Amino acid sequence: MKKRLILIALSFFLISCANKSNLRYDTLSKSYKKNGFDGAIAKIEKEEPKLYGKNSSFLYHFDLGLLHHYKNNWKQSIQHFSQAEKIYEDLFTKSVTNEAAALLTNDNTKPYRARPFELLSLYQFQILNYLAMGDVDGALVEVRRAQISMQALYQKDQKKMNENALLHYLSALAYEIDGEHDDAALAYYHAARAFHENKTKIPSEVFEFISHSLKKSDRAELLHKLDYQALESTPKADHLEKTNTEIILITYLGHSPILGELYMSGTFVSGAGLNVNYKDPQTGKRASATFIAPVVAGAGGTSFHVGFSLPEKRMLPFQASKAIFTLDKKTEPIQSEVLMDFNHELTRNLADDRSSVITKTAARVVIRTIAAQKAKKAASTDNIWLNLLTSVGTDVLQSQIEQADLRMALFLPNTITLTRIPVEEGTHQLSVNILNNNNSVISSLQLNDIQIKKGQKAFFFVPVLR
Amino acid sequence: MKKMIQILFISSLLFLFACSSGTKVSRIDSNSVVDLSGRWNDTDSRLVAEEMIQDCLNRPWYSNLIQEKGSAPTVVIGKVRNKSHEHINVETFIKDMERALINSGSVEFVANSAMRDELRAELASQAGNATEDTRKDFGQEIGADLMLMGSLNSIVDQEGKEQVIFYQIDLELIDLQSHKKVWIGDKKIKKYISKSSTKL
């Protein structure tokens, strides 16, 4: 009787541990489709405990910060992102209770600590928020905070620390606006290094500004170390240096992938090997992989059959793939270049974490299997039907406990483009067209009567996530 | 079974008490030192103001200027830039300084640039709306002799759970006519922060 009570208690515990990630996506995507960013904001604020809960506070503030950013609500966006950053910092201290609970159940019982690319993108959006408000000092504070954060991530796990080119490029932009050309040159160099390390082609406009800044500060040889050759001619950057007046156009295109579940099964031998089979989501074919299995106390040399789910990238349908614009109806349409690709970031992050997540999850399943076997033995009675029921119930409970941690920011774009457009002071018109993969226009924005003062840096944001 | 129910009941009570998060507020002395996160706080701001006021009033620039000018110098607050890694409101210690200097009778302050715009708008409004005997005239402002400018910088060194933060605040009084710096004051604050890597 006592053991059955424990099983009932465990069932209630399981219900409380239900995965909220799928519910969150289903609920918020409906609100977003129906009422846009406002609808999503209202839904998040109204149903925070149900959709996020205490363990996903970082995501609650991150999602709201991003949605307010898209709405040009700079102050609200800053407040939410600051709160998300504070939550991240506070989570440095790990709760032993949470870690123990996660060992027995799944990672969803731990507070969400943010993926490195989410944390670094938080600083990108904060820098843009402050620059959009014309607060250069505030933007530079975020640049410095980002540097400290990058250093901490680098110290924590050098191999998993992915350089963020856009963050360095925005830092360079903020330094340049402030007139700190030496700092700007170094940030430009770091942007080039990030593109190099990520094996990504540097967008032509970005490379022009990098070349211009490094040549001007007698640092062009830094590019040689990265196997780049500084451009001889930098007409756009030269022009901007003279006028110091520009329109900066940022577009957020498409929707970043989210996380779905990938089921794996295989055999686990404590301290020896873990062999898993799964259906590769990219190719659709069966695949297998072998890892070194950690030692699990009580497992001995027994071979365990294990089955578990892991987070796997899930692409979402979207149309927006490119942005083209014209200024004052004079110029030929120009295509914005991609500086940040969240699909790429998530793919790399999952690949970086895959091995450790698989071995950790498999070990957890083995620990629970051993515990379940002991529980069945202890609950055994003379009634074979009752024993069968207990056994099936224990197995069902065990399989239900294991849930992949599918938490991630829900409103990131698929790509971010940034274009600098040098202008003279006066009135300007900007036409932006968002195209799909077939080059059909899916969204247009016409900005008339843009008043630009001498020395002004005017930021315009076009978010098209659909 | 009875024992089991008792254990469950006591555990539930303990759980409820552990989860209670009622807000508790108590008044504390405004001069007391309370460091919660290691970030810039009211104590740092107060220490800067105290140091700067003492330094500013006890340096020879003041007596030299009095001798030269024959009256208390007039100061305007210029830009004090936050070049640190935290969003710090520098106005807190600047206001402390301003108040201490005005109250000492040694220095007079005039409104800063942003305030002047507002004041001039009010004068313009008076010109068309206030009675002639109460209306204030344009062109009667007192020009400042000195401008107070400065910056707040920080350096962060960190490794794992340990962090050292160094703040340096530099303030300068600059003669508006000659652009000569008559006083430079600084205050350095160093903090060591250690975070626990685990908790219950």
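Residues numbered from 1 in each chain as written. Chains lettered and ligands numbered in written order. Predicted model: local features only at pLDDT ≥ 70, side-chain atom pairs only at ≥ 80, totals over all residues. Heavy atoms only, no water.

### Description of the overall build of chain B
Thought 1: On a plain count of helices and strands, chain B comes out with five helices and six strands.
Thought 2: Along its sequence from the N terminus, chain B presents helices and strands in the succession α-α-α-β-α-β-α-β-β-β-β.
Thought 3: Sorting the 200 residues of chain B into buried and exposed places 34% on the buried side.
Thought 4: A sequence separation of at least 24 residues applies to 66% of the contacts in chain B between residues at least 6 apart.
Thought 5: Of the accessible surface of chain B, which amounts to about 13400 Å², a share of 54% is contributed by carbon and sulfur atoms. (Helix = DSSP H or I, 4+ residues; strand = E, 2+ residues; numbered from the N terminus. Buried < 20%, exposed > 50% of the residue type's maximum accessible area, 1.4 Å probe, protein only. Contact = heavy atoms within 4.5 Å. Areas by Shrake-Rupley, 256 points an atom, 1.4 Å probe, with all protein chains shown as cover.)

### Comments concerning the pairing of strand β3 (residues 258–269) of chain A
Residues and elements named next belong to chain A.
Thought 1: Sheet topology places β3 next to strand β6 (residues 303–314); twelve bridges connect them, and they run antiparallel. Paired with Thr-267 across the strands is His-305, a residue of β6.
Thought 2: Looking at chain direction, β3 and strand β4 (residues 273–279) are connected through five bridges and run antiparallel. By the bridge assignment, Gly-266 is partnered in β4 with Val-276.
Thought 3: What sits between β3 and β4 in their antiparallel hairpin is a turn of three residues, with Gly-271 showing a positive phi close to 75 degrees. (Pairing = 2+ DSSP bridges.)

### Remarks on unusual backbone geometry
Thought 1: Unlike most non-glycine residues, Lys199(A) shows phi in positive territory, near 55 degrees.
Thought 2: Secondary-structure assignment places Lys199(A) in the loop between α10 (181–197) and α11 (204–216).
Thought 3: Positive phi is not limited to glycine here, since His179(B) has a value of about 65 degrees.
Thought 4: Checked against the element boundaries, His179(B) lands in the loop between β4 (162–175) and β5 (181–194).
Thought 5: Exposure remark for His179(B): the relative accessible area of 61% places this residue in the exposed category.

### Things to note about a nonpolar patch on the surface
Residues and elements named next belong to chain A.
Thought 1: A cluster of nonpolar residues, Ile-384, Trp-385 and Leu-388, forms a patch on the protein surface that exposes about 400 Å² of accessible area.
Thought 2: With respect to the helices, strands and loops of the structure, Ile-384 is situated in helix α15 (residues 384–401).
Thought 3: Its relative accessible area of 61% is what places Ile-384 among the exposed residues. (Patch = residues over 30% accessible without salt bridge, like charges linked within 9 Å, V, L, I, M, F, W, Y side chains within 5 Å. Salt bridge = Lys/Arg side-chain N within 4 Å of Asp/Glu carboxyl O.)

### So, the nonpolar core
Where a protein is soluble and globular, its nonpolar side chains tend to be buried together.
Thought 1: One finds Phe58(A), Ile210(A), Ile250(A), Tyr252(A) and Phe411(A) to be the most contacted residues of the largest nonpolar core, which totals 97 residues.
Thought 2: Here the element with the most residues in this core is helix α7 (residues 116–133) of chain A; it accounts for ten residues.
Thought 3: Excluding residues that lie within four positions of it along the chain, Tyr252(A) makes contacts with His69(A), Tyr70(A), Phe125(A), Leu128(A), Pro413(A), Thr415(A), Ile416(A), Phe461(A), Val462(A), Pro463(A), Val464(A) and Leu465(A).
Thought 4: Core analysis: the second largest hydrophobic core is formed by 33 residues, Trp61(B), Leu146(B), Tyr167(B) and Trp183(B) among them. (Core = buried A, V, L, I, M, F, W, Y, C linked by side-chain atoms within 4.5 Å.)

### A few points about the packing of helix α4 (residues 57–70) of chain A against α7(A)
Residues and elements named next belong to chain A.
Thought 1: Running from N to C, α4 and α7 cross one another at 35 degrees; their axes reach a closest spacing of 11 Å. Crossing of α4 against α7: the hand is left-handed. Each of Phe-58, Leu-59, Phe-62, Leu-66 and His-69 in α4 lies in contact with α7, whose residues at this interface are Glu-118, Ser-121, Leu-122, Phe-125, Leu-128 and Asn-129.
Thought 2: Within the contact of α4 with α7, the residues separate by chemical class into seven nonpolar, three polar and one charged. (Axes fitted to C-alpha atoms, helices over the stretch in contact; angles between N-to-C directions. Left-handed = near helix turned anticlockwise from the far one by under 90°. Nonpolar A, V, L, I, M, F, W, Y, C, P; charged D, E, K, R; others polar.)

### A look at the interface of chain A and chain B
Thought 1: Every contact between the two is made by 25 residues of chain A and, on the other side, 23 residues of chain B.
Thought 2: For the interface between chain A and chain B, the tally reads five salt bridges.
Thought 3: Between Glu89(A) and Arg39(B) there is a salt bridge, with the nearest N and O atoms lying 2.6 Å from each other.
Thought 4: Run the count over chain A and chain B and you get ten residue pairs in polar contact (both at pLDDT 80 or more).
Thought 5: Broken down by secondary-structure element, the contributors of at least two residues to the side of chain A that touches chain B are α1 (2–16), β1 (94–95), α6 (96–104) and α8 (136–156) of chain A.
Thought 6: Sort the elements by how many residues they give to the side of chain A that touches chain B and α8(A) lands first, with eleven residues.
Thought 7: Partitioning the side of chain A that touches chain B into residue classes produces ten nonpolar, six polar and nine charged.
Thought 8: Sheet analysis places β1(A) next to strand β6 (residues 198–199) of chain B, joined by two bridges and oriented parallel. Bridge pairing in β6(B) places Ser95(A) opposite Lys199(B). (Polar contact = N/O pair within 3.5 Å; in protein donor to acceptor, adjacent residues only side chain to side chain.)

### Looking at the packing of aromatic side chains
Thought 1: All told, the structure shown has 19 aromatic pairs over all chains when counted by the stated rule.
Thought 2: Each ring, one from Phe207(A) and one from Tyr228(A), has its centre 5.7 Å from the other, and the planes form 55 degrees; the classification is tilted. Of this pair, Phe207(A) sits in helix α11 while Tyr228(A) is found in the loop between α12 (221–225) and α13 (235–243), placing the two residues 21 residues apart along the sequence.
Thought 3: Residue Phe207(A) is classed as buried on the basis of its relative accessible area of 12%.
Thought 4: Taking 5.7 Å as the distance between ring centres and 80 degrees as the angle between the ring planes, the aromatic pair formed by Trp61(B) and Tyr62(B) counts as edge-to-face.
Thought 5: Directly above the ring of Tyr52(A) sits Arg24(A), whose terminal nitrogen or CZ lies 4.9 Å from the centroid.
Thought 6: Between the NZ or CZ atom of Lys195(B) and the centre of the ring of Phe92(A), over which it lies, the distance is 5.1 Å. (Phe/Tyr/Trp six-rings, centres within 6.5 Å; stacked < 30°, edge-to-face > 60°. Lys NZ or Arg CZ within 6 Å of the ring centre and 35° of its normal.)

Coordinates in, geometry out; function isn't part of it.
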